[in-house]
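Descriptive structure summary
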Amino acid sequence: MAPAVFLHEAVVLSGRFPLLAGASLQIEEGEIAHIRGANGAGKTSLLRLCAGLLPLHRGAGFVLGHDLSLDRRSLRRQVGLLGHQSFLYEELTVGENLRYALRASGCDRRRAEPAAARLSLAGRLFDTPVARLSAGQRRRTALAVLLARDPALWLLDEPHAGLDEEGRHLLDSLIAGSRAKGRTVVLCSHEHDHAASLSDRVIVVAGGRVLQEPAGVA
Amino acid sequence: MKSNRILRLTGALGLAGVVATFWLGLFVTPNAEFFGSLVRLLYVHPSMAWVAFLAYGMAFLSSLLYLWPRTRHPRFDHLAGASAEVGVVFTGLTLVTGSIWGRTTWGVWWTWDPLLTTTALLFVLYLGYLALRRVPGDPEVVARRSAIAALIAFIDVPIVYFSVTWWRSLHQPPTVNLASRHLYVHGIMAFTLFLSFASFTLVYAWLTAQRYRLYALAEKEADEGLDLALEERRAEGVPA
Amino acid sequence: MWRDALIVAGKDLRIELRSKVALNQVVPFAAVVILLFGLALGPDRAALSPAAAGLFWVAVLLSAVLATQRSFAVEAADGARDGLRLSGLDPAGIFLGKAGAVAGELIVLEGLLSVGVAVLYGLQLTGGLVLVAACLAATVGLAAVGVTYGAVASGLRIKETLLPLLFLPVAAPVLLGATKAWQEALTGRPGAGAGWLGVLAAFAVVYVAVGIVAFGPLLEEA
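Residues numbered from 1 in each chain as written. Chains lettered and ligands numbered in written order. Predicted model: local features only at pLDDT ≥ 70, side-chain atom pairs only at ≥ 80, totals over all residues.

Description of the overall build of chain A
- Helix and strand counts for chain A come out as seven helices and ten strands.
- A globule of 218 residues ought to have a C-alpha radius of gyration of about 17 Å, and chain A, at 17 Å, matches this closely.
- C-alpha atoms of chain A, sized along the principal axes, occupy 50 × 40 × 35 Å.
- Classification of the 218 residues of chain A by burial places 51% in the buried group.
- Counting contacts in chain A only where the partners sit at least 6 residues apart, residues at least 24 apart contribute 70% of the total. (Helix = DSSP H or I, 4+ residues; strand = E, 2+ residues; numbered from the N terminus. Rg over C-alpha atoms; globule rule 2.2 N^0.38 Å. Buried ≥ 20, exposed ≤ 12 C-beta atoms within 10 Å, placed from the backbone. Contact = placed C-beta atoms within 7 Å.)

As structure tokens, this is what we get:
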């Protein structure tokens, strides 16, 4: 079986600055990988590269069978990225945001309600514009979009940030549920213990590269 | 280097040609019976306009080559930028000489003549393009967007020209129509005109090449910086 | 492509209906512009009427800049530009959808503004068919160029000042064509005005085509 993510000596530039300086990485299908590293180590860039948002400057990269240096557009329908920003439209309601995202990625619109209900966004909140939501509720809306789209590869950037206790439990159960469905999950987190309990393996990123041995990092 | 010598030769020939054009145009050629001394403007004005259009055409072609995936290379972006910069300078000169012509023939500095109006619009169109090129940001992003802006601008030129011409022709015949003025260009005048076209074209080539070299050097500097930047970035991950 | 266009247009128009920025800010802005023209040219109707068509279209052009900026401000909020790319929508569809939404807003604005011009400048809106056709063709062209340049400027640090400088010179033929078509129609020569419709239509076709081709490369970058 081909790995879900395969990177070899990947270099990604932002202007003249190397976000990734030759990262090599392999994540199997169905795996849950926890990426850790200091601020600015390249975790977010790694996720954005896997989402097909960043162009590859050097090296090779394949995600879900798509060559990153050739075709990043068709890859994007199959990945879901939960970033620091939530990609939501402020003026639209939770329900409208969900339905728009589903229609855009060619999924069934009827998945919107169950996904919202799962994240406790049913009822009044469902018809509330995102602009009036709290930060935690926006986070949940973004998660609901992800859940409804149910992509083959989940890329989660600090998913626990800003969520309350209930939200964190929900998120954990979502991650566990996606494993049951055979989805691949890559999550970045500073909450090492919590993330480690969710994941199959740890990948350490430093200086824009992947350190193969997570040696001596407590 | 050989290319260096060719470049220097181009520059020298071009400048010598321009000097000769001025000398011939100002001192040797006779006054025209209808225009008097003003005819001397004709030795520089059309060739400046020609260079401007040549430069924009070159910018358009290079932008196309930059956008085409198989020929994408920063050198085409540099060429487009270099050429457009020279083009804007010559468009400015065309406007100034055209304006002087207008002042003496019609007594006004500006007239809404189709050619003049089109040239003025071209001037602002490409000022916008150059402004876009100077926006700070990822060089590849800016290069790609500039290339698209260059296409949009160039496609606009014939539409502008056609609509402006039609706009004016409904009121009065076009005013700058050299052919209808029975201006007899012959002998030393024809030669001066020809020399002017040739030397201004050479000057264009020389300026564009110099500007292009500057771009290429900046690029090379950045490229050489890349390996260093990669080293530094990797070193961030090594605990001191 | 058309399906994606409908999705995007529907989303943009829904946001507009909800936020009413076009109605509450762009339309009043256009009204201010024609009022100011009136002040600048004086109260003499004999001076205002002949210029009315041109002033109307200058106001429309300036409003188009605002409508385009708004169309991309909606996307820029909260990283939705990445969202557009992650959505997996066809770039040509995104272009058509956004241009369609901007065109729809501009058509409404032109309708309201023409009433304002008729009242303030004392104009008889005769030759209706040519007027409407000119509006439609001009608006499609303006929206296409505007959205393409909006994407060129979006995400760059100095986009607010860049967009008008890029957009307005390119839109000059639309100003000319639409103004002449209106003038001819208003002075009772709709036949002469119809010729200018060809210019407007050609402009619209060319720039819709350019936008469809160019939007992919414009979105596709880091």
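Picking up where we left off.
Quick notes on the overall build of chain C
- Along chain C, the regular secondary structure elements total nine helices and zero strands.
- Mapped in sequence order, the helices and strands of chain C form the string α-α-α-α-α-α-α-α-α.
- Computed over C-alpha atoms, the radius of gyration of chain C comes to 18 Å, within 12% of the 17 Å expected from 2.2 N^0.38 for 222 residues, which places it in the range of a compact globule.
- Each of the three principal axes of chain C carries a C-alpha extent, and together these read 55 × 30 × 30 Å.

Considerations on unusual backbone geometry
All names here are of chain A.
- Unlike most non-glycine residues, glutamate 9 shows phi in positive territory, near 50°.
- Inspection of the secondary structure puts glutamate 9 in strand 1 (residues 5-14).
- What makes glutamate 9 partly exposed here is the crowd of 14 C-beta atoms within 10 Å.

Some details on the sheet that holds strand 2 (residues 17-27) of chain A
- One open sheet accounts for four strands, arranged 2-1-4-5 (chain A); its pairing is antiparallel. With one partner strand each, in any of the chains shown, strand 2 and strand 5 (66-67) of chain A form the two edges of the open sheet.
- Two strands pair when backbone bridges link them, and strand 1 of chain A and strand 2 of chain A are joined in this way by eight bridges, in the antiparallel orientation. Its bridge partner being in strand 2 of chain A, A:Phe6 is matched across the sheet by A:Gln26.
- Against the sheet, helix 1 (residues 43-50) of chain A makes contact with strand 1, strand 2 and strand 4 (58-63) of chain A, and its axis sits at roughly 65° relative to strand 2 of chain A, the strand it touches most.
- Across the sheet, helix 6 (residues 187-236) of chain B is in contact with strand 1 and strand 2 of chain A; its angle to strand 2 of chain A comes to roughly 60°. (Pairing = 2+ DSSP bridges. Axes fitted to C-alpha atoms, helices over the stretch in contact; angles between N-to-C directions.)

Some remarks on the sheet that holds strand 8 (residues 184-188) of chain A
All names here are of chain A.
- Overall, mixed pairing links the six strands, which are arranged 6-7-8-3-9-10 in an open sheet. The open sheet is flanked by strand 6 (79-82) and strand 10 (209-211), the only strands paired with a single partner. Each strand axis lies, on average, 25° off the axis of its neighbour in the sheet, ignoring direction.
- For strand 3 (residues 32-36) and strand 8, the ladder comprises four bridges, and the chain directions are parallel. Following the sheet pairing, histidine 34 is matched in strand 8 by leucine 187.

Here we look at the nonpolar core
- Formed by 202 residues in total, the largest nonpolar core has its most connected members in A:Cys50, A:Ala144, A:Leu155, B:Ala55, B:Ala150, C:Ala134 and C:Leu200.
- With 16 residues, helix 6 (residues 128-153) of chain C is the single largest residue contributor to this core.
- For A:Ala144, the residues in contact, after removing those within four places along its chain, are A:Leu98, A:Ala115, A:Ala116, A:Leu119 and A:Leu121. (Core = buried A, V, L, I, M, F, W, Y, C linked by C-beta atoms within 7 Å.)

Remarks on the interface of chain A and chain B
- Taken together, the 14 residues of chain A in the interface contact twelve residues of chain B.
- Of all the secondary structure elements, the ones that give two or more residues to the side of chain A that touches chain B are strand 1, strand 2 and strand 10 of chain A.
- When residues of the side of chain A that touches chain B are assigned to their parent elements, the largest contribution, four residues, is made by strand 2 of chain A.

Digging into the interface of chain B and chain C
- Counting from both sides, the interface comprises 27 residues of chain B and, opposite them, 24 residues of chain C.
- Looking at the side of chain B that touches chain C, the elements that each hand over two or more residues are helix 4 (114-133) and helix 5 (139-169) of chain B.
- Residue contributions to the side of chain B that touches chain C peak at 16 residues, all from helix 5 of chain B.
- Among the residues making up the side of chain B that touches chain C, the classes are represented as 19 nonpolar, three polar and five charged. (Nonpolar A, V, L, I, M, F, W, Y, C, P; charged D, E, K, R; others polar.)

So, the environment of A:Phe126
- Among the secondary structure elements, A:Phe126 is positioned in the loop between helix 4 (112-118) and helix 5 (135-149).
- Accessibility expressed as a C-beta count within 10 Å gives 18 for A:Phe126, which makes it partly exposed.

Section: the environment of B:Leu130
Residues and elements named next belong to chain B.
- Structurally, leucine 130 is set in helix 4.
- Sequence spacing of leucine 130 and valine 88 is 42 residues, and the spatial spacing of their C-alpha atoms is 8.8 Å.
- Not counting residues within four places of it along the chain, the set of residues in contact with leucine 130 comprises Ala84, Glu85 and Val88.

Focus: helix 1 (residues 2-19) of chain C
Residue and element names in this part refer to chain C.
- Under the 1.5 Å per step criterion, the end-to-end length of helix 1 is 25 Å for 18 residues, consistent within 8% with the ideal 26 Å.
- Listing the buried residues of helix 1 in full gives Asp4, Ala5, Ile7, Val8, Ala9, Lys11, Asp12, Ile15 and Glu16.
- Following helix 1 by one or two positions, lysine 20 has its phi on the positive side, about 55°. (Expected span 1.5 Å × (residues − 1).)

Overview of the packing of helix 2 (residues 45-67) of chain B against helix 6 of chain B
Residue and element names in this part refer to chain B.
- Put simply, helix 2 and helix 6 touch, their axes get as near as 9 Å, and they point 40° apart. It follows that helix 2 is oblique to helix 6 by the angle criterion. When you trace helix 2 past helix 6, the crossing you get is right-handed. In this structure, helix 2 uses Ser47, Met48, Trp50, Val51, Leu54 and Ala55 to contact helix 6, whose residues at the interface are Ser196, Phe197, Phe200, Thr201 and Tyr204.
- The residue makeup of the contact of helix 2 with helix 6, split by class, is eight nonpolar, three polar and no charged. (Parallel < 35°, antiparallel > 145°, perpendicular 65-115°, else oblique. Left-handed = near helix turned anticlockwise from the far one by under 90°.)

What about the pairing of strand 1 of chain A?
Residues and elements named next belong to chain A.
- Hairpin connection between strand 1 and strand 2: a loop of two residues separates the two successive antiparallel strands, and glycine 15 in this loop has a positive phi of roughly 65°.
- One ladder, built from five bridges, connects strand 1 with strand 4; its direction is antiparallel. Looking at strand 4, one finds that histidine 8 is bridged to alanine 60.

Overview of the confidence of the model for chain C
Residues and elements named next belong to chain C.
- The predicted model of chain C averages 87 in pLDDT, with 96% of residues at 70 or higher.
- Of all the helices and strands in chain C, helix 4 (residues 80-86) carries the lowest mean pLDDT, 74, while helix 5 (residues 91-120) carries the highest, 92.
- Our summary of model confidence lists the complex with pTM equal to 0.86 and ipTM equal to 0.85. (pLDDT = per-residue confidence, 0-100.)

Considering the packing of helix 6 of chain C against helix 7 (residues 159-170) of chain C
All names here are of chain C.
- At a minimum axis distance of 9 Å, the contact between helix 6 and helix 7 shows a crossing angle of 145°. In the crossing of helix 6 with helix 7, the sense of the turn from one axis to the other is right-handed. Note on element contacts: helix 7 touches helix 6 through Lys159, Leu162, Leu163, Leu166, Phe167 and Val170, opposite Val145, Gly146, Tyr149, Gly150, Val152 and Ala153.
- Residues of the contact of helix 6 with helix 7, tallied by class, amount to nine nonpolar, two polar and one charged.

Points about the pairing of strand 9 (residues 201-206) of chain A
Residue and element names in this part refer to chain A.
- Here four bridges tie strand 3 to strand 9, and the two strands are oriented parallel to one another. Within strand 9, the residue paired with histidine 34 across the bridge is valine 202.
- Remark: two residues form the turn of the hairpin made by strand 9 and strand 10, two consecutive strands paired antiparallel; glycine 207 in that turn has positive phi of roughly 60°.

What to know about helix 4 of chain B
- The end-to-end C-alpha distance of helix 4 of chain B, which contains 20 residues, comes to 29 Å, matching closely the 28 Å that a straight helix rising 1.5 Å per residue would cover.
- Among all positions in helix 4 of chain B, only B:Pro114, B:Leu116, B:Thr117, B:Thr119, B:Ala120, B:Leu121, B:Leu122, B:Leu125, B:Tyr126, B:Gly128, B:Tyr129 and B:Leu132 are buried.

Considering the environment of B:Trp166
Residues and elements named next belong to chain B.
- Summarising the element assignment, tryptophan 166 is placed in helix 5.
- The exposure class assigned to tryptophan 166 is partly exposed, which follows from the 16 C-beta atoms found within 10 Å.
- Sequence separation between tryptophan 166 and asparagine 4 is 162 residues, and the spatial gap between their C-alpha atoms is 47 Å.

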